[in-house]
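Coordinate inspection notes
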Amino acid sequence: MAAGRITLYVGGAQDTVARIRPVLHAYGDPVLHVGPLGAGQRVKLVNNTVFAAHIGLLAHAARLGRELGLDEPLLLDALTHGSAASRALGGAVRRGAVAEFARSTREFLGKDLDVVRTVAGELGADLGALTPALDALTDLLAPSGTG
């Protein structure tokens, strides 16, 4: 969310979404029609899963950096100037460490990780390459996690 506005993923019939779009634009921008009823919630889950995976990948990158003798805050800042830049990286830079940023997201990402794993399991969907990155984030969010 930037400047008090959020992206809205909206599911429902095309005509219904068109009718309520002006109301949705009062607090959200962009308002994205993403398919039938329920699709908005699923898109949000996938979006948050990718964001969580980014944080998990950053945890692996920070570990690799430490093993290579690099200072984590300097590494993270340097990465923002290259092709690795992302919202997750920006958050980690602002917090000074990937683990600190992960902990700051615990409240909303923790539940989303549980939900996406449950929904994927129930629907027979495979998280594929997202799994190791999500596992890394889960480790950071664990009460004993030290990052």
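Numbering of residues starts from 1 in each chain and follows the order in which that chain's sequence is written. Residue-level local features of this predicted model are given only where pLDDT is at least 70; pairs of side-chain atoms are given and counted only at 80 or more, and the full residue set underlies all totals for whole chains, interfaces and linings. Side-chain measures were taken over the full set of non-hydrogen atoms in the model, leaving aside hydrogen atoms and water.

As used in this record, nonpolar core signifies buried Ala, Val, Leu, Ile, Met, Phe, Trp, Tyr and Cys residues forming a set joined through side-chain atoms within 4.5 Å. Note on exposure labels: buried denotes an accessible area under 20% of the residue type's maximum, exposed denotes more than 50%, and partly exposed covers the range between, all computed with a 1.4 Å probe on protein chains only. With 27 residues, the main nonpolar core has Ile55, Val98 and Leu137 as its most contacted residues. Whether two residues touch is decided by their heavy atoms; if any such pair falls within 4.5 Å, the residues are in contact. Other than its neighbours up to four places away in sequence, Ile55 contacts Ala88, Val98, Phe101, Ala102, Thr105, Leu109 and Leu137.

Relative to the helices and strands, Gln14 is located in helix α1 (residues 14-24). For Gln14, a relative accessible area of 53% translates into the label exposed. Between the C-alpha atom of Gln14 and that of Leu113, which follows or precedes it by 99 residues, the distance is 30 Å. Helix and strand assignments follow DSSP, with helices taken as H or I runs no shorter than four residues and strands as E runs no shorter than two, numbered in order from the N terminus.

Two joining distances apply to patches: 9 Å for like charges and 5 Å for nonpolar side chains (Val, Leu, Ile, Met, Phe, Trp, Tyr), and every residue must have over 30% relative accessible area and no salt bridge. Per-residue accessibility takes into account occlusion by the displayed protein chains alone, with areas from the Shrake-Rupley method and a 1.4 Å probe. Whenever Lys or Arg places a side-chain nitrogen within 4 Å of a carboxyl oxygen from Asp or Glu, that contact is recorded as a salt bridge. Together, Leu64, Leu68 and Leu70 line one region of the surface with nonpolar side chains, adding up to about 290 Å² of accessible area. Position of Leu70 relative to the elements: it lies in the loop between α2 (39-67) and α3 (72-79). A residue is classified by how much of its surface remains accessible, and Leu70, at 43% relative accessible area, is partly exposed.

What follows is about the pattern of salt bridges. A full pass over the atoms with the stated rule returns six salt bridges. Among the ionic pairs, Arg63 bridges to Glu67, the shortest N-O distance being 3.2 Å. Here Arg63 pairs with Glu67, and both are found in helix α2, just four residues apart, close to one helical turn. With its nearest N and O atoms 2.7 Å apart, the salt bridge here joins Arg117 to Asp135.

Structurally, Asp112 is set in helix α5 (residues 98-123). Judged by relative accessible area, which is 7%, Asp112 ranks as buried. Within the structure, Asp112 has its side chain in polar contact with the side chain of Lys111 (distance 3.2 Å). Excluding anything up to four places from it in sequence, Asp112 contacts Lys44, Leu45 and Asn48. Polar contacts, as used here, are pairs of N or O atoms within 3.5 Å; protein pairs need one atom able to donate a hydrogen and one able to accept it. Residues neighboring in sequence count only if both atoms are side-chain atoms.

Here the focus is α2. Expected helix span is taken as 1.5 Å per residue step, with the number of steps being one fewer than the number of residues. Taking 1.5 Å of rise per residue, 29 residues should cover 42 Å, and α2 covers 42 Å from first to last C-alpha, within 8% of that figure. Looking one or two residues past α2, Gly69 carries a phi angle of roughly 80 degrees, positive in sign.

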